[in-house]
Each structure stands twice: as structure tokens, then as C-alpha cells.
Amino acid sequence: MRRNPSIFFFLLLSFALSACAQQAEQVASVSRPRPVWGFLESDIAPEEQYRFNRLPSGLRYVIRRNANPKGTAMVRMEIAAGSLDETPAERGFAHYVEHMAFNGSTNVKEGEMIRLLERNGLAFGADTNAATGFETTTYMLDLPRADPKLLDIALMLMRETASELTISPEAVDRERGVILSELRDRNTWQMRNGMDQAKFLHPQALYPDRFPVGTAETINAATAQSLRAFWEREYVPEHATVIVIGDFDPAVVEKAILAKFGSWQAKPVEPAPQAGPVDVKAAGRTEVYVDPALSERITASRHGGWIDGPDTTAQRREGLLRQIGYAIVNRRLLRIVRQPDPPFRGAGFGTGDVFRDGRTTNLIVDTIDGKWRRGMIAAAVEYRRALRFGFSPAEVAEQVANIRTATRDAAASESTRSNGALMGAVFDLLRNDVVPGSPQGVLDRLEAFIPQITPEAVQAAMQREAIPLEKPLLRFQGRRQPEGGEKAIRSAWNEAMRAPLAKGAEIAAPGFAYSVFGTPGTILSDTREAALGIREVRFTNGVRLNLKKTDIDKDRILVQVSVDGGDMLNTRDNPLATQMVSALPVGGLGKHSQDDLQSILAGHTVSTGISSTPETFVASAQTTPRDLQLQLQVMAAFVTDAGYRPEGEIQYRLNINNFFAQRNATPNSALSNGIGGILSENDPRFTLQPVEAYRKLTFDKLKTDIGDRLAHGAIEIGIVGDIDEDQAIALVGGTFGAIAPREAEFKPYTAQRNRPFTKNEKPRVIRHTGPKDQALLRLTWPTRDDSDPVQSLTLELLERIVRIELTDTLREKLGKAYSPSAASTLSRFWKDYGVFGIAASVDVHEVPATRAAILDTIAELRAAPVSDDILQRARAPMIEAIQNGLKSNGGWLSLVDRAQTEPAEIDRYLQAEARLQMLTTADIQAMVLRYLDPKDEIEVLVLPEGVEEPK
């Protein structure tokens with residue numbers, strides 16, 4: 001089995017450890033043949049609710065009945081072929097064929113697949129999609145309703161993709177521009193860095209030369225004949241697996257699969273190529289990679305053989321020990337980050353598989369620009385300390401507590417897992433041979449093993465897997481050359497390896513200091529809203545509480561606390577008043593640092609976090625009935641006694657410096673950082689300020705700016721999920737209900753609700769620092785706020801219609817843009833403010849033609865009503881979304897959170913479907929005529945630095 005499927009965890013900003021690393025006991029030089037199903041070689045049984053089968057042709061299928069969300073389903077077809085299966089002349093073909101699946105087949109003419117699905121309520125992109133990777137190509141349909149006819153359509157389309165594609169020369173030529181547009185759009189600093197790192201780590205391997213996006217040369221050379229040859233070779237029954245999970249009778253699904261795929265005949269299968277080789281002797285090489293958008297990072301790596309073997313109880317125990325070891329090392333590194341003067345911004349240590357060809361151990365250090373030497377040495381010394389002295393019982397206990405709680409939570413909610421979670425388990429089986437066992441079985445095995453989890457066992461297991469970082473491959477990435485270059489980097493590493501070591505001091509977690517907030521509050525009112533049954537409570541101190549008990553997710557509770565203020569505190573004179581709010585959790589509490597809190601909260605499903613929204617400060621969390629009280633205590637503590645500790649301020653400054661260095665690195669980032677000031681007449685509340693303005697921000701200033709609102713502002717709390725209502729009321733009464741009296745109402749902030757829209761209609765140009773062929777064109781019209789629910793729905797429907805029309809013109813007919821977009825954004829907070837925007841990422845030379853195509857599309861919409869078919873294709877997914885809106889706790893929370901102070905939102909939701917059904921093509925045309933007047937649009941064009949504007 002494969003333990004860690006992503007080899008690129010070391011290329012991403014978020015460091016993925018061997019968190020689920022189940023291992024074999026011996027290194028395999030050549031991987032053994034894979035079983036048809038991974039559980040056939042395991043002592044762990046798959047859940048009996050899954051139905052696994054294989055047809056004589058070799059096609060596999062998996063079925064499971066599930067009702068979360070109720071009345072919906074997911075249909076997937078995975079082809080075990082991807083970019084690794086390409087020849088040098090076929091680079092990008094797996095991805096090209098994936099696109100051709102939407103461009104005509106024996107029974108579905110070109111262009112009709114998406115239209116057919118839209119008419120049935122599936123939105124392109126959201127519900128209808130596909131993805132190509134190194135080893136697989138996956139086709140995905142999310143069915144908004146469990147309708148046998150819709151299932152039949154979905155399986156018909158999957159079979160068409162598997163064996164009936166036409167791949168006509170004309171369609172191939174039309175799609176070529178889309179593919180090249182995607183290739184251009186994906187040429188980002190992140191992608192270039194990732195490709196370079198892959199080549200540095202594995203210069204002889206196949207995979208660095210087989211990134212799925214392909215090359216312009218091979219894409220331009222692709223023909224219908226060559227693409228068909230790849231498709232016929234790789235799309236064979238033995239490579240295919242069909243998966244259906246949702247609210248269907250499995251017998252009905254199985255019959256439908258057999259009817260659609262039973263006639264597909266077996267074909268020869270070529271052996272899968274190796275992604276490697278992985279050179280386990282590679283050592284001592286150093287590389288410096290410079291890009292102006294990159295923050296400093298040093299990675300130390302060594303390779304080893306792939307650890308092969310089936311997914312068994314013994315392997316999972318070994319993997320659990322390793323998981324704990326890596327987690328402790330990373331916990332230590334995180335503790336260093338939280339120091340007042342940290343040597344690095346972040347660091348991580350772990351081991352991951354390189355496909356099935358090897359494994360790599362990495363120490364990754366994100367350093368402060370110019371401080372790479374100090375950061376690398378500090379992280380390397382901590383890595384050595386862990387291997388030399390091992391771990392303390394307290395460190396092991398903290399990690400065991402976290403794992404035990406996560407496992408208990410999973411077992412408690414076993415009966416209400418989502419379709420997506422169950423689908424993920426199937427993919428883990430298909431791709432990595434991990435058995436989809438029951439969460440309760442996982443918990444039982446964990447509890448039986450916990451007595452054997454000792455510091456010594458953890459250290460030994462980690463050392464069995466982690467390759468010693470002796471003479472490692474060292475790679476520096478950053479904005480500028482490191483002083484002394486490669487020689488200095490290697491010298492610093494050697495210095496770290498020679499540095500004297502001392503055993504670290506053990507740190508004991510203190511007890512939680514925020515269990516009492518005063519005399520529990522008494523209830524002033526307790527009513528139940530009639531339409532949706534939301535219970536509405538108000539305490540005598542002014543705190544409001546709204547509750548909704550659901551059975552959607554067993555043992556899961558969502559909590560949201562809204563405190564008056566938010567971005568309404570930002571003024572023209574003080575536009576950054578709330579800028580540092582998101583850093584508050586890093587500043588800890590008055591009586592606990594953030595690091596203390598991490599240890600205190602170990603073994604509990606409790607989170608910290610707060611953000612500033614346009615008119616409130618919001619803290620949101622998912623917890624369990626067992627931890628609801630502690631979650632509320634933590635939230636109340638942050639509202640009443642935020643710590644404003646310096647480590648939060650330091651981390652904020654480090655991050656803001658990195659943000660500004662990257663702000664114009666891509667067309668999208670340049671646009672997002674510049675559009676606010678352009679549209680708002682440079683109102684400083686909505687305009688990116690100079691970097692020095694952010695560097696000058698302090699927690700002292702933040703406390704002055706928001707302290708009054710945290711101390712006195714109105715509070716409304718929403719709780720949704722598997723709750724006992726009376727118990728939840730009592731818990732809120734003992735926390736938020738017990739704090740000092742709050743203001744009775746949320747402030748109107750009337751003077752703050754004016755947001756200007758520019759009167760300067762001249763086209764603007766923003767510059768980015770990315771590749772010279774990348775341009776981004778955005779046209780924006782002023783509209784209105786969202787106070788009128790019918791007009792809001794009409795504009796949202798218009799958004800979807802424009803998106804359909806643009807996809808048909810810019811993408812399908814002209815091949816100029818990979819993903820043109822349209823969005824209606826109406827404000828709930830800024831009076832009379834709203835915008836309708838259209839954007840397309842195109843080649844610089846295609847800007848004039850793209851502009852003309854967009855304006856022609858708008859002119860056509862103004863000249864005549866759209867067809868009834870276009871209206872249905874746009875409206876059907878909206879209706880399905882409304883009907884499924886309350887099939888998740890998140891959907892409920894969007895209405896529960898402010899049910900007392902914003903009751904109109906409930907009525908708005910309840911009437912949305914009827915209002916939407918009443919809209920006509922004439923209504924859409926009237927909206928276009930009212931708002932999308934060409935003379936009112938504001939054009940913003942994002943171009944590379946040094947490139948003239950195309951005429």
C-alpha cells in the first residue's frame with residue numbers, strides 16, 4: 001500500500017506529515033503486484049455497507065447508500081491513467097483527452113454534455129468537473145437529487161467518456177486554444193518553483209518531465225489521431241472504476257451500472273510506467289533558486305526505498321507511532337516560531353512517498369528574508385535533538401490525546417458521514433490500497449494499542465522510516481541570492497550538524513484559567529421562530545442566542561459568535577483599525593499564550609479564531625457535545641480577555657512583508673490588490689495602503705481601536721447541530737450570559753455605510769511581474785445593494801447566464817480563455833453599493849479580441865431576450881441549491897447566526913425558490929438594460945511590466 005499519496009507535500013506552503021502513515025516492515029526494491037482490492041491482502045475488513053464488484057472485462061465498481069446530504073448523490077469514474085502514461089511526444093495528452101470528454105461522443109453531440117447537465121440542475125465547475133493527475137484521470141458529477149433518471153444520465157455520460165468519444169479534428173482544434181490558455185494561466189511562480197524542485201530532487205526520474213499540464217510544443221502538435229490513440233490505449237475497462245455514493249438503493253445502482261457498462265469489452269492493458277527512479281544515494285548537492293515572488297525557504301532532503309506492504313493492523317500501528325513522532329518534532333518547531341524573536345517563520349519535518357518508487361525525508365524551514373542561516377541552523381539543531389534524546393511522556397500524551405479525540409469524534413459521527421467523506425475513503429482504497437474500515441473499528445484498534453505507545457516506541461518507529469539527513473540535498477529558494485551562495489548554505493548545514501546538543505526542558509501544560517465568568521445569566525425571553533423552528537433566547541445581560549437542533553451530522557455542533565463592530569470601525573482617517581484582528585489568536589489570552597492553549601486544548605475538539613467581517617467580529621468553530629462548554633469558554637475568553645501578546649504582532653509583520661513581496665506576482669493577485677482602490681475612488685477603507693502603514697500597526701493600537709466593541713458591543717450567538725437545547729442554553733448562560741452587560745442592539749453605523757463608486761470611467765492598467773504573455777481583463781459595472789430580494793435574485797441569475805454565454809464564446813468558440821468569469825456582488829452592508837464584473841485571463845495579444853467578444857455578448861443580451869433554454873440552464877442549478885440549502889449544518893447556521901437581529905433573511909430564503917421561478921427572459925433583459933450599459937463600464941487591464949498595451 002501507499003502511505004502518503006502526495007509527493008508534493010514539500011512543495012506546498014502547508015506541510016503535510018505522515019499523518020496516516022501505515023507502513024510495511026521492509027523496503028521494496030521492486031513493488032509487488034497490486035491486488036484488485038487492497039482489503040484482499042489485509043486483516044482489516046472494509047465496511048459492509050460498501051458494495052465492491054468487478055466485471056469480466058476488468059471494470060470495477062463501488063456502490064454505497066448514504067443520505068448525507070439527503071436526497072443527493074456523487075458519481076465518479078476514475079481512469080487509472082494520467083500524465084505518467086504519456087510518451088515524450090504525448091506530454092499533456094491525458095489532460096487534453098479529459099477536455100475532449102466534454103466535446104462530443106457517439107450519443108452526445110459536441111457542446112451538449114454541459115447543456116444537458118445544466119438543464120438537470122448541475123452547474124458547470126461546481127457539480128460537473130474532471131481532473132487529471134500523474135496517475136489518474138477522474139470524472140466527477142454531483143447529483144443534486146437522487147433521481148433514477150438523473151443517475152441514468154450520469155452513467156450514460158461516463159460510458160460515453162469511457163468508450164464513445166468522437167475526438168473530431170474540428171473539436172480538437174477548437175479546444176486547443178483552451179488548453180493553451182490553461183497552460184499559460186498555470187505558469188505561475190508556484191508552478192515553476194515546484195517543477196524546479198522536482199527536477200532538483202529527482203533529476204533522473206520520469207515524473208518531473210510529466211507534469212499534467214504538458215508543453216506548448218506537444219499541445220500544438222496534438223492531432224485527433226494522436227489523442228485518439230492515447231485514449232484508446234489507456235481508457236480500457238481494467239483501468240476504469242465507477243463509484244456511486246448517495247441516496248439510492250444499491251441494487252438499483254448496480255443494475256444501472258451493468259446496463260451501461262456490461263457491453264464494454266476487455267482490451268489489452270499496458271504496464272504502468274515507473275515515476276522514478278529515486279536515487280537513494282543522492283547526497284551533497286545544493287541548489288539556489290531565485291524568484292522575486294518567493295519567500296525564503298531551505299529544504300534538506302534524503303531519499304530512501306519505498307516501504308511496501310499491505311494495509312494491516314500491524315502496519316497501522318507502526319504508522320501511528322511514526323505519526324506521533326513527526327507531530328512532536330513539528331510541535332517543537334512550532335513552539336520556536338512562537339518565541340518573541342523567532343529564528344524562522346515556520347518549519348516542518350516528515351517523510352512522504354515518491355509514488356511507489358521511493359520515499360523522501362524532508363526538513364523544511366521557512367526563514368525570514370535574509371535570515372536563512374540562523375533559521376536553518378535552529379531547525380536543524382531541533383531535528384537532531386529529537387533524534388538524539390527522543391520524546392517525553394508528556395509530549396507523547398499530548399499527541400495521543402489529539403489522535404484519540406479525533407478518532408472518537410469520527411466514530412461518534414460514523415452514521416452521518418457525508419457522501420464526500422465516503423467517496424474520499426474509496427479513492428484512498430483505489431489509489432493507495434488503504435482499506436475503508438469503520439471508524440468504530442479504528443477506535444477499537446487504537447484503544448487496544450494505546451498502552452503500547454511509549455516515548456521509546458515512538459522514537460524507534462520514526463527512526464525506522466526517516467532517512468538520516470546526512471549530507472542532504474539542500475535547496476534554497478527566495479527573492480535574492482543568499483550571501484555566500486551554495487557554499488555558504490552547505491557550510492551552515494555542516495555547522496548545525498556539529499553544534500553541541502542539550503536535552504530540552506520539559507514544559508508542563510497549565511490548567512485552563514477561564515472556567516468562571518461570573519454569575520450564570522438569567523433568561524429574559526425564550527421563544528421559537530415559527531417558520532423554521534429556530535429557538536431564540538435572550539439573556540438579561542443583552543446576549544442573544546439562537547439554536548437549531550438537527551440530525552444531519554451526529555455528534556457535531558457548529559457555533560458562531562458575532563460581536564458588534566467589525567470593519568465598520570474602519571474610517572477614512574483610520575482605515576486599518578481592524579487589520580490585525582485575524583492575528584488575535586496568535587496573541588493568546590491574558591492568562592495563556594497560544595502555545596499554552598495548544599497543550600491545554602489537546603484532546604478536545606475546540607478551536608480558536610476570530611475575523612473581522614463588514615459589520616461584526618466573528619468567531620466560528622465546529623465542536624462536539626462533549627466539548628461545547630469548553631468551546632464556549634474559549635470564545636468568551638477571547639472576547640473578554642484577549643492577550644495581545646507580542647508573538648502575534650511579530651507573526652503578523654512577518655506575514656505582511658511576504659504579502660507585499662508577492663502582491664503583484666500574478667495577474668490575479670495584482671488585480672485583487674488594486675481593484676478596490678480603483679472602484680472606490682481610492683477610499684482608504686477599500687484601498688491597499690503602503691507597506692509601511694501595515695508595518696506600523698501594533699497590538700496596542702488594535703486594542704485601542706476594537707477594545708470598546710469587544711467589551712460592550714452587542715453579541716448574538718448561533719448554535720446548530722446535535723445539541724440538547726436546554727443544556728446549550730445553560731452552557732451559554734454560564735459563559736456569555738455571565739459576562740458584563742452588553743449593548744442592547746447592534747449599532748446602525750449609518751455614517752459608515754457609504755461606499756463610493758468611481759466616477760472616472762477611463763480605462764486603467766495595473767502591472768504584474770509574471771510572464772510576459774499573461775493578461776487579465778476585467779469589466780465592471782455599478783449596480784445596487786441587495787436590499788431588494790427579487791432584484792438580487794435577478795442579478796444572480798443574470799450572472800449565471802452571462803457565464804454560460806461567455807463560456808460558449810470565449811472558451812468554446814474562440815478558445816481564448818480557460819475560465820472566463822462573471823459575478824454579481826451586491827452588498828448587504830454598503831448602502832446602494834454593488835458591482836457586476838466580467839473577467840477573462842488571456843494572452844496579451846488577445847486582449848482586443850476578448851474585449852470585443854465580451855462587449856458583443858453584452859450587446860446581444862441587451863438587444864433581445866435570451867432563449868428559454870439558456871434561462872433553464874442558468875436557473876436549474878440555482879433552484880437545486882436552494883432546495884438543498886438546509887441539508888447541511890452550515891446552511892442552517894447561515895440563517896440561525898443572526899436570526900433575532902436579521903429575521904428578514906429567513907423569509908428571504910423561504911421565498912427565494914418561488915421568486916426565482918417567476919423570473920422571465922424579459923426580466924433578465926430589463927436588468928441588462930438597466931445596469932450593463934457599455935458607457936458605464938469600468939475597464940481594468942492587468943498587463944506584465946514592460947509590455948505595451950495591445951491595440
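Residues numbered from 1 in each chain as written. Predicted model: local features only at pLDDT ≥ 70, side-chain atom pairs only at ≥ 80, totals over all residues. Heavy atoms only, no water.

**Focus: the pairing of strand E22 (residues 774–782)**
Of all nine residues that make up E22, eight are buried, and the element is covered over most of its length. Inspection of the sheet shows E22 paired to strand E24 (residues 834–843) by nine bridges, in the antiparallel sense. For Gln774, the partnering residue across the bridge sits in E24 and is Asp843. One ladder, built from five bridges, connects E22 with strand E25 (residues 938–944); its direction is antiparallel. Paired with Arg778 across the two strands is Val940, which belongs to E25. (Buried < 20%, exposed > 50% of the residue type's maximum accessible area, 1.4 Å probe, protein only. Helix = DSSP H or I, 4+ residues; strand = E, 2+ residues; numbered from the N terminus. Pairing = 2+ DSSP bridges.)

**Here we look at the packing of helix H10 (residues 372–389) against helix H14 (residues 455–465)**
Closest axis-to-axis distance for the H10/H14 pair is 9 Å, and the angle between their directions is 120 degrees. In terms of their interaxial angle, H10 and H14 are classed as oblique. For the pair formed by H10 and H14, the contact residues are Ala386, Leu387, Arg388 and Phe389 on the first element and Gln459, Met462 and Gln463 on the second. Grouping the amino acids of the contact of H10 with H14 by side-chain chemistry returns four nonpolar, two polar and one charged. (Axes fitted to C-alpha atoms, helices over the stretch in contact; angles between N-to-C directions. Parallel < 35°, antiparallel > 145°, perpendicular 65-115°, else oblique. Contact = heavy atoms within 4.5 Å. Nonpolar A, V, L, I, M, F, W, Y, C, P; charged D, E, K, R; others polar.)

**Observations concerning the sheet that holds strand E14 (residues 523–528)**
Taking strand neighbours across the sheet as the criterion, the seven strands line up as E14-E15-E16-E20-E17-E19-E18 in an open arrangement whose pairing is mixed. Of all the strands in the sheet, just E14 and strand E18 (611–612) have a single pairing partner and so form its edges. Pairing between E18 and strand E19 (residues 616–623): two bridges, direction antiparallel. Counterpart to Ser612 in the pairing with E19 is Phe617.

**Points about the confidence of the model for the chain**
Looking at the chain, pLDDT values average 94 and 96% of them are 70 or higher. Contacts for the low-pLDDT stretch residues 5–29, under 50 throughout, to residues beyond four places or in other chains number 82 contacts. (pLDDT = per-residue confidence, 0-100.)

**A look at the packing of aromatic side chains**
All chains considered together, the criterion is met by 19 aromatic pairs. Ring geometry for Phe134 and Phe355: centres 5.5 Å apart, planes at 80 degrees, overall edge-to-face. Of this pair, Phe134 sits in the loop between strand E5 (128–132) and strand E6 (137–143) while Phe355 sits in the loop between strand E11 (346–354) and strand E12 (358–366); the two residues are 221 residues apart in sequence, bridging distant segments of the chain. An identical accessibility class is assigned to Phe134 and Phe355; each is buried. Considering the side-chain rings of Tyr644 and Phe699, the 5.8 Å spacing of their centres and the 80 degrees angle between planes classify their relative orientation as edge-to-face. Linking Tyr644 in the loop between helix H17 (628–641) and helix H18 (646–662) with Phe699 in helix H21 (residues 699–712), this pair joins segments that are 55 residues apart in sequence. Across this residue pair, the class does not change: Tyr644 and Phe699 are buried. (Phe/Tyr/Trp six-rings, centres within 6.5 Å; stacked < 30°, edge-to-face > 60°.)

**As for the UniProt feature "domain: Peptidase M16 N-terminal" (unreviewed entry) in the chain**
Sequence positions flagged by UniProt for "domain: Peptidase M16 N-terminal" (unreviewed entry) are, in local numbering, residues 62–187. What you have in residues 62–187 is 39% helix and 18% strand, and the ends, taken at the C-alpha atoms, are 37 Å apart. (UniProt positions renumbered as here; feature names shortened; annotations may be inferred.)

**Digging into the pattern of salt bridges**
On inspection of all chains with the given rule, the structure shows 72 salt bridges. For Glu110, the salt bridge goes to Arg174, with nearest N and O atoms at 2.5 Å. Residue Glu110 is located in the loop between helix H1 (93–100) and helix H2 (112–119), and its partner Arg174 is located in helix H4 (residues 169–185); the two are separated by 64 residues in the primary sequence. Taking the relative accessible area as the measure of exposure, Glu110 reaches 29% and is therefore partly exposed. Here Arg174 falls in the partly exposed class, since its relative accessible area comes to 34%. Where Glu615 meets Arg753, a salt bridge forms, and the shortest distance between an N and an O atom there is 2.7 Å. (Salt bridge = Lys/Arg side-chain N within 4 Å of Asp/Glu carboxyl O.)

**Describing unusual backbone geometry**
Backbone torsion omega between Asn68 and Pro69 reads 0 degrees, so that peptide bond is classified as cis. Cis rather than trans, the peptide bond between Gly276 and Pro277 has omega equal to 15 degrees. Secondary-structure assignment places Pro277 in the loop between helix H8 (250–261) and strand E8 (286–290). Even without a glycine there, the phi angle at Phe355 is positive, about 50 degrees. The buried category is assigned to Phe355, whose relative accessible area is 5%. Positive phi, normally seen in glycine, also occurs at Glu681, with a value near 55 degrees.

**Comments concerning the sheet that holds strand E4 (residues 73–79)**
Judged by pairing direction, the sheet is mixed, and its six strands sit side by side in the order E2-E3-E7-E4-E6-E5 without closing on themselves. One side of each edge strand has no neighbouring strand; the edge strands of this open sheet are strand E2 (51–54) and E5. This sheet shows a mean twist of 10 degrees between the axes of neighbouring strands, independent of strand direction. Where E2 meets strand E3 (residues 60–65), four bridges bridge the pair, whose relative direction is antiparallel. Each residue of the ladder has a partner; that of Phe52, found in E3, is Val62. Sheet strands touched by helix H12 (residues 419–432): E2, E3, E4, E6 and strand E7 (240–246). Its angle to E7, the strand with the most contacts, is close to 160 degrees.

**Some thoughts on the environment of Leu151**
Mapped onto the fold, Leu151 is located in helix H3 (residues 148–163). Classification of Leu151 as buried rests on a relative accessible area of 2%. For the pair Leu151 and Val253, spaced 102 residues apart in the sequence, the C-alpha separation amounts to 8.1 Å. Once you skip the residues sitting within four places of it in the chain, Leu151 turns out to touch Val75, Leu143, Val244, Phe248, Val253 and Ala256.

**Side note on the environment of Ile706**
Summarising the element assignment, Ile706 is placed in helix H21. Spatially, the C-alpha atoms of Ile706 and Gly565 are 7.7 Å apart, while their sequence positions differ by 141 residues. Once you skip the residues sitting within four places of it in the chain, Ile706 turns out to touch Leu569, Ala577, Thr578, Val581, Leu584, Phe617 and Tyr644.

**Considerations on the side chain of Arg538**
Looking at the secondary structure, you find Arg538 in strand E15 (residues 535–539). For Arg538, which is buried and forms no salt bridge, the nearest opposite charge comes from Glu745, at a distance of 4.1 Å. A distance of 2.7 Å separates a polar side-chain atom of Arg538 from the backbone oxygen of Ala744. The contacts of Arg538, once residues within four sequence positions are left out, are Thr522, Ile523, Leu524, Ser525, Val543, Arg544, Ala744, Glu745 and Gln900. (Lys, Arg positive; Asp, Glu negative; His and termini not counted. Polar contact = N/O pair within 3.5 Å; in protein donor to acceptor, adjacent residues only side chain to side chain.)

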